[in-house]
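Here is how the chains run, residue by residue.
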Amino acid sequence: MNKKKVDVLLGLQWGDEGKGKIVDVLTPGYQMVARFQGGPNAGHTLEFEGQRYVLRSIPSGIFQGNKLNLIGNGVVLDPVLLREEAEQLAQSGHNIKKRLVISRKAHLILPTHRLLDAAQELSKGAAKIGTTGKGIGPCYTDKVARTGLRVGDIERDFATRYKAVRDRHVDLLQKMGADLSKLPEMEEAFYQAIEYLKGYQFVDSEILVNEALEEGLNVLAEGAQGSLLDVDFGTYPFVTSSNTVSAGCCIGLGISPKAIGRVYGIFKAYCTRVGSGPFPTELQDEVGHMMADRGHEFGAVTGRPRRCGWIDLVALRYTIMLSGVTHLIMMKSDVLDTLSTIKACVAYRIGDKEYKNMPYSLEADIEPIYQELPGWQTPLDGCRSEQDLPDAFRHYVAFLEAQLRVPISIISVGPDRSQTIMRKLNNEL
Ligand code: GDP
Ligand code: IMO
Ligand code: MG
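For clarity, every value in this text was computed on a predicted model and none was experimentally measured. (Residues numbered from 1 in each chain as written. Chains lettered and ligands numbered in written order. Predicted model: local features only at pLDDT ≥ 70, side-chain atom pairs only at ≥ 80, totals over all residues. Heavy atoms only, no water.)

*Asks:* Account for the overall build of the chain, with residues named and values stated.
*Replies:* Along the backbone of the chain there are 11 helices and 20 strands. Against the compact-globule benchmark of 22 Å for 429 residues, the chain has a radius of gyration of 21 Å, which places it among compact chains. On the principal axes, the C-alpha backbone points of the chain span a range of 65 × 55 × 40 Å. Considering only residue pairs separated by 6 or more positions, the chain has 77% of its internal contacts joining residues 24 or more positions apart. Taken as a whole, the chain presents about 17,900 Å² of accessible surface, with 50% of it coming from carbon and sulfur. If the 50 positive side-chain charges of the chain are averaged to one point and the 52 negative ones to another, these points end up 4 Å apart. (Helix = DSSP H or I, 4+ residues; strand = E, 2+ residues; numbered from the N terminus. Rg over C-alpha atoms; globule rule 2.2 N^0.38 Å. Contact = heavy atoms within 4.5 Å. Areas by Shrake-Rupley, 256 points an atom, 1.4 Å probe, with all protein chains shown as cover. Lys, Arg positive; Asp, Glu negative; His and termini not counted. Charge placed at Lys NZ, Arg CZ, Asp CG, Glu CD.)

*Asks:* Lay out the site of ligand 1 in plain terms, naming residues and giving numbers.
*Replies:* The full set close to ligand 1 counts 20 residues, and Gly18, Lys19, Thr45, Asp334 and Ser412 are the nearest of them. In the environment of ligand 1, an oxygen atom lies 2.9 Å from a nitrogen or oxygen atom belonging to the backbone of Gly20. Backbone polar atom of Gly43 to an oxygen atom of ligand 1: 2.8 Å apart, as the coordinates give it. Elements with a contribution of two residues or more to the shell around ligand 1: α1 (19-26) and β3 (44-48). Residues belonging to the shell around ligand 1 are distributed by class as follows: 4 nonpolar, 7 polar and 9 charged. (Near = heavy atom within 4 Å. Polar contact = N/O pair within 3.5 Å; in protein donor to acceptor, adjacent residues only side chain to side chain. Nonpolar A, V, L, I, M, F, W, Y, C, P; charged D, E, K, R; others polar.)

*Asks:* I'd love a proper account of the coordination of the magnesium ion (ligand 3), names of residues and values included.
*Replies:* Donor atoms from the polypeptide that bind the magnesium ion (ligand 3) are Asp16 (OD) and Gly43 (O), placed at 2.1 to 2.2 Å. Residue Asp16 is found in the loop between β1 (6-11) and α1, and its partner Gly43 is found in the loop between β2 (32-35) and β3; the two are separated by 27 residues along the sequence. Using a relative accessible area of 11% as the deciding quantity, one classes Gly43 as buried. (Donors = N, O, S within 2.8 Å, 3.2 Å for Na, K, Ca; no water. Buried < 20%, exposed > 50% of the residue type's maximum accessible area, 1.4 Å probe, protein only.)

*Asks:* A description of the sheet that holds β1 should follow, citing residues and the corresponding values.
*Replies:* If you walk across this open sheet you meet the 10 strands as β9-β7-β5-β2-β10-β1-β11-β15-β19-β20, and the pairing is mixed. Among the strands making up the open sheet, the edge pair consists of β9 (201-203) and β20 (420-422). The average undirected angle you get between the axes of adjacent strands in this sheet is 25 degrees. Pairing of β1 with strand β11 (residues 260-268) involves 5 bridges; the strand directions are parallel. In the sheet register, Val6 faces β11, and the bridge partner there is Ile260. (Pairing = 2+ DSSP bridges. Axes fitted to C-alpha atoms, helices over the stretch in contact; angles between N-to-C directions.)

*Asks:* Any chance you could break down the packing of helix α5 (residues 158-175) against helix α6 (residues 183-197) for me, citing the residues and the numbers?
*Replies:* For the pair α5 and α6, the least separation of the axes is 14 Å and the interaxial angle reads 150 degrees. Compared by their axis directions, α5 and α6 come out roughly antiparallel. The chirality of how α5 crosses α6 is right-handed. For the pair α5 and α6, the contacting residues are Phe158, Ala159, Tyr162, Arg166 and Val170 in the first and Leu183, Glu187, Phe190, Tyr191 and Ile194 in the second. Looking at the contact of α5 with α6, its residues break down into 8 nonpolar, no polar and 2 charged. (Parallel < 35°, antiparallel > 145°, perpendicular 65-115°, else oblique. Left-handed = near helix turned anticlockwise from the far one by under 90°.)

*Asks:* How would you sum up unusual backbone geometry? Please name residues and give values.
*Replies:* Here Tyr236 and Pro237 are connected by a cis peptide whose omega angle stands at 5 degrees. When you line up the elements, Pro237 lands in the loop between β10 (219-226) and α8 (247-253). With a phi close to 60 degrees, Lys332 is a non-glycine residue in the positive phi region. Position of Lys332 relative to the elements: it lies in the loop between β15 (327-331) and β16 (341-350). Notably, Arg405 is not glycine yet its phi reads approximately 60 degrees, a positive angle. Tracing the chain through its elements places Arg405 in the loop between α11 (391-404) and β19 (408-412). The exposure class of Arg405 is exposed, given its relative accessible area of 70%.

*Asks:* Any details on helix α3 (residues 111-124)? Residues and values, ideally.
*Replies:* Along its 14 residues, α3 runs 21 Å from first to last C-alpha, staying within 8% of the 20 Å computed at 1.5 Å per residue. Of the residues making up α3, those classed as buried are Pro111, Thr112, His113, Leu115, Leu116, Asp117, Ala119 and Glu121. Where α3 is buried, its residues touch β8 (107-108), α4 (136-144), α5 and α6. Positive phi shows up at Gly125, right after α3, with a value of about 60 degrees. (Expected span 1.5 Å × (residues − 1).)

*Asks:* Mind laying out the site of ligand 2, listing which residues take part and the relevant values?
*Replies:* Surrounding ligand 2, one finds 21 residues, the nearest of these being Asp16, Lys19, His44, Thr132 and Thr240. Side-chain polar atom of Thr240 to an oxygen atom of ligand 2: 2.6 Å apart, as the coordinates give it. Within the contact set of ligand 2, an oxygen atom lies 3.1 Å away from a backbone nitrogen or oxygen of Val274. When isolated, ligand 2 has an accessible area of 550 Å², and the protein chains bury 98% of it. Taken together, the residues of the shell around ligand 2 sort by class into 8 nonpolar, 10 polar and 3 charged.

*Asks:* An account of the domain arrangement of the chain is needed here, citing residue identities and associated values.
*Replies:* The extent of an interface is frequently quoted as the accessible surface area lost upon association of the parts. The domain boundaries assigned to the chain delineate domain 1 (6-102 + 205-263), domain 2 (107-198) and domain 3 (268-422). Between the C-alpha centres of domain 1 and domain 3 the distance comes to 23 Å. Domain 1 puts 38 residues into the contact, and the matching count from domain 3 is 41 residues. Summed over both partners, the interface of domain 1 with domain 3 comes to about 3,100 Å²; 61% of that surface belongs to carbon and sulfur atoms. Taken together, domain 1 and domain 3 are joined by 2 salt bridges. For Asp16, the salt bridge identified is with Arg306, shortest N-O distance 2.9 Å. (Domains from an automatic or database assignment. Buried area = accessible area lost by both parts, 1.4 Å probe. Salt bridge = Lys/Arg side-chain N within 4 Å of Asp/Glu carboxyl O.)

Spelled out as structure tokens, the structure:
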């Protein structure tokens, strides 16, 4: 049996590219789907058979038959939110308990992590990051500071360990003047959720994944957030607290860099961002509003409106490079159907200098240099094969492939599972 590799799918922009939808579409070709970083800051939307689901911690392979879904060691897990998510799925007839396993090395988000997230944001005032408020930053901080709690700790002296971490947090919160009145009820829900979590199988996931590869099983790793939110390479400090690029998959699952196979890079035909931070191609005009409106650009987790703008090829070339993307996936082209002209940012101008590569910071005064292309002005949402696509759209796709130098393998023309055109993948899968 040939040893297999892990294929990884990750967002190339600021998140919300449509990862959930495509992981669901690709899952039939895999036996295992694994999350490797992030936590319930993610909101991955799937639509099929007239139903819409938003997944936050549970991998998006959960709806496709008896696939094994794994929450990997690189993930930060909030037991309260996992319970909520799983119980909602159970209510709509999807009992996932047997199909979901959790790494013992995944870190736990505690109620005090959420309070710390809120208190830190408040203390930053106008300079706030605009986090999702899920305790992500404080939990990863504890991980790196070597003071965190892990899922595996539930199987040993959890209460003592919990108290030590919690008391330290409370001390910190008091010094910050935070309101702690909700903490007792949050802790009660937390303790109930820890009991609930014991109903799942905890695994040494690095061994599970490597053995699966040895046995010839296909594994798909599902990224969360997007490359421009990566803690090292994103628009720091307006980023999340994990590595969202493909290297994060090695750490977050315990696999060797040689064990990475395909790298699917997913992007929207335009660009969005939620929360604070620089966004060179942002539009505040009616085209931006049209994108937000037609694209239903509201956060799946927080409901916040997403900022919209033109596609940024400087940023995309950078994130493709960082992750070694082998296959591109283009989403939400249908949102641009009504436009007579489409713009793509091909370079930045800062002062009197032109940049084709990503500068150190995007917080400078950047003027995007655009190339204009004719719009297709035809509805794409009914297209199901390449032959159905209008010429002007094919021209746009060819332009992007030439600029990005990676083939676009999948084109999505609507939120539903069926609104997906497999282009160059047909022969491979
Ligand atoms: P994720 O976080 O990357 O999984 O993306 P989100 O689920 O947060 O946001 C993507 C949104 O776009 C969801 O509401 C999807 O249902 C929707 N969507 C996905 N693909 C398409 C598409 O091709 N066209 C349109 N119009 N909507 C899409
Ligand atoms: P998915 O997986 C879009 C953003 C937040 C904020 C910054 C830090 O659905 O694509 P955090 O709570 O992580 O500390 O917030 O990152 N952010 C996302 N934006 N999609 C996401 O996930 C995001 N997860 C975090 O808005 O700007
Ligand atoms: Mg999302």
